[in-house]
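Residue-level structure breakdown
Read off the chains here:
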Amino acid sequence: MSSLVILRALKRIRITQVPRTFVKSQPDGLITYASTNENKEGTNESALDSIKYERVCSETLDALCDYLEELIENAKTLSSSDVAYGDGVLTVKLGPEYGTYVINRQTPNKQIWLSSPTSGPKRYDFVATSSQSGRWIYKHNGESMHELLQRELQEILREQHIDFSKLPYGR
């Protein structure tokens, strides 16, 4: 089939599912940016547009990578640990005793996904308030990604003072 025939066929297809980003205001003043498919044509409410998502996500993952590398480098109790970051995937290997954390961007959903050897998988949405720049929140319990990392890694790296709240989007 020629590309001209395919192009003509694509022009005749009517799209009814439009990916949208929507804003939900919460009673506590939080604003949640989330992505979904809606059956509304021609509307595009993009509160967390792709450009902002990419910027916020890159800043978050870059800062986490740098901070985790510093923590791992200073860890006296970890054997065979490593931090690697590439193509939007941050992998933190803490050796056979503690397992591996994987933190990666999920661009279609405008989320960050985290897989923890302690608490399992979680999907984080970006949440902003008028007084804060924003945080990555797990909507099922309201805990931020930085709070989870703080709690779990403090148990592993007991000899170090850990403060994920100083990182971008950590408060």
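In the block above lies the structure referred to throughout.
To start, this report covers the structure provided alongside it. (Residues numbered from 1 in each chain as written. Predicted model: local features only at pLDDT ≥ 70, side-chain atom pairs only at ≥ 80, totals over all residues. Heavy atoms only, no water.)

Counting its regular elements, the chain contains three helices and eight strands. In sequence order, the secondary structure elements of the chain are arranged as α-β-β-α-β-β-β-β-β-β-α. A buried classification covers 39% of the 171 residues belonging to the chain. A separation threshold of at least 6 residues defines the contact pool for the chain, and within that pool the share at least 24 residues apart is 44%. (Helix = DSSP H or I, 4+ residues; strand = E, 2+ residues; numbered from the N terminus. Buried < 20%, exposed > 50% of the residue type's maximum accessible area, 1.4 Å probe, protein only. Contact = heavy atoms within 4.5 Å.)

Looking now at the environment of Lys76. Tracing the backbone through its elements, the reader meets Lys76 in the loop between helix H2 (50-74) and strand S3 (82-86). The spatial distance from the C-alpha of Lys76 to the C-alpha of Glu159 is 8.1 Å, given a sequence separation of 83 residues.

So, on to a negative patch on the surface. Negative charge collects at one region of the surface, where Asp62, Asp66, Glu69, Glu70, Glu73 and Asp82 lie side by side. Tracing the chain through its elements places Asp66 in helix H2. (Patch = residues over 30% accessible without salt bridge, like charges linked within 9 Å, V, L, I, M, F, W, Y side chains within 5 Å. Areas by Shrake-Rupley, 256 points an atom, 1.4 Å probe, with all protein chains shown as cover. Salt bridge = Lys/Arg side-chain N within 4 Å of Asp/Glu carboxyl O. Lys, Arg positive; Asp, Glu negative; His and termini not counted. Charge placed at Lys NZ, Arg CZ, Asp CG, Glu CD.)

Below, the discussion takes up helix H3 (residues 145-156). The end-to-end C-alpha distance of H3 is 17 Å, a good match for the 16 Å that 12 residues give at a rise of 1.5 Å each. Along H3, the residues that are buried comprise Met145, His146, Leu148, Leu149, Glu152, Leu153 and Ile156. The buried residues of H3 occupy an angular sector of 150° when the element is viewed end-on, so they sit on one face. Looking at the buried residues of H3, the elements they touch are H2, strand S5 (100-106), strand S6 (111-116), strand S7 (120-128) and strand S8 (135-138). (Expected span 1.5 Å × (residues − 1). Arc of directions from axis to C-beta.)

Two side chains carrying opposite charge are able to pair once their charged atoms lie near each other. Applying the stated criterion to the full structure yields five salt bridges. Among the ionic pairs, Glu54 bridges to Arg105, the shortest N-O distance being 2.5 Å. Note that Glu54 is positioned in helix H2 and Arg105 in strand S5, a separation of 51 residues in sequence. Glu54 sits in the partly exposed class, given a relative accessible area of 30%. Taking relative accessible area as the criterion, Arg105 reaches 17% and is therefore assigned buried. When the shortest N-O distance is used, the salt bridge between Glu143 and Arg151 registers 2.9 Å. A residue is classified by how much of its surface remains accessible, and Arg151, at 44% relative accessible area, is partly exposed.

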